[in-house]
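Examining the three-dimensional arrangement
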Amino acid sequence: MRTSFNIPDEVVAEFDRVWQDEGLENRSRAVREAMLEYIEAHSRLEDTSGEIVALVGFDYRHHDVIQELHAVQHDYQDVILNTSHTHQGEWCLESLFCRGSAERVRDLTYRLRDFDGVRRVKVMVIRDEGA
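Predicted model only: the values in this text are computed from it and were never measured.

**A look at helix α4 (residues 102-113)**
Look at α4: 16 Å from first C-alpha to last across 12 residues, which is about the 16 Å you get at 1.5 Å a residue. Listed as buried for α4 are Ala 102, Val 105, Arg 106, Leu 108, Thr 109 and Leu 112. One face of α4 carries all of its buried residues, which in axial projection span an arc of 160°.

Rendered as structure tokens:
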């Protein structure tokens with residue numbers, strides 16, 4: 001299947017550098033591997049249930065989304081125990097230490113991913129009470 005994506009030039013350039021440094025055959029192969037890794041990570045989050053402890057980290061352009069991000073964090077204060085924030089030039093890095101139902105942490109993660117000004121959202125499940 002052929003498809004097209006709208007991706008910033010600097011992201012494509014960095015992606016190309018990484019897959020070439022790793023010795024992969026071509027960009028298509030690298031994209032397939034990246035998609036499989038995304039599916040694996042996403043599936044783990046989807047499959048988690050019960051009470052969890054998790055760290056949610058994300059980076060964003062401060063001026064683009066700060067008001068909306070604060071509103072989301074207030075909506076999820078029942079699972080967000082602690083936040084940490086640092087400035088990295090025009091980007092900010094934020095971490096949220098969470099405890100609560102996997103469903104609420106998952107919903108929070110998806111809400112954060114919904115913003116164009118948020119570049120990445122990573123979740124690390126530290127403890128799964130169901131496991």
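Next, the rest of the story.
**With respect to the packing of helix α2 (residues 27-47) against α4**
Relative to each other, α2 and α4 sit at 140°, their axes nearing to 10 Å. By the angle between their axes, α2 is oblique relative to α4. Listed contacts from α4 to Tyr 38, His 42, Leu 45 and Glu 46 of α2 are Arg 106, Thr 109, Tyr 110 and Arg 113. Of the residues assigned to the contact of α2 with α4, the class counts are 3 nonpolar, 2 polar and 3 charged.

Procedures and definitions
Residues numbered from 1 in each chain as written. Predicted model: local features only at pLDDT ≥ 70, side-chain atom pairs only at ≥ 80, totals over all residues. Heavy atoms only, no water. Helix = DSSP H or I, 4+ residues; strand = E, 2+ residues; numbered from the N terminus. Expected span 1.5 Å × (residues − 1). Buried < 20%, exposed > 50% of the residue type's maximum accessible area, 1.4 Å probe, protein only. Arc of directions from axis to C-beta. Axes fitted to C-alpha atoms, helices over the stretch in contact; angles between N-to-C directions. Parallel < 35°, antiparallel > 145°, perpendicular 65-115°, else oblique. Contact = heavy atoms within 4.5 Å. Nonpolar A, V, L, I, M, F, W, Y, C, P; charged D, E, K, R; others polar.

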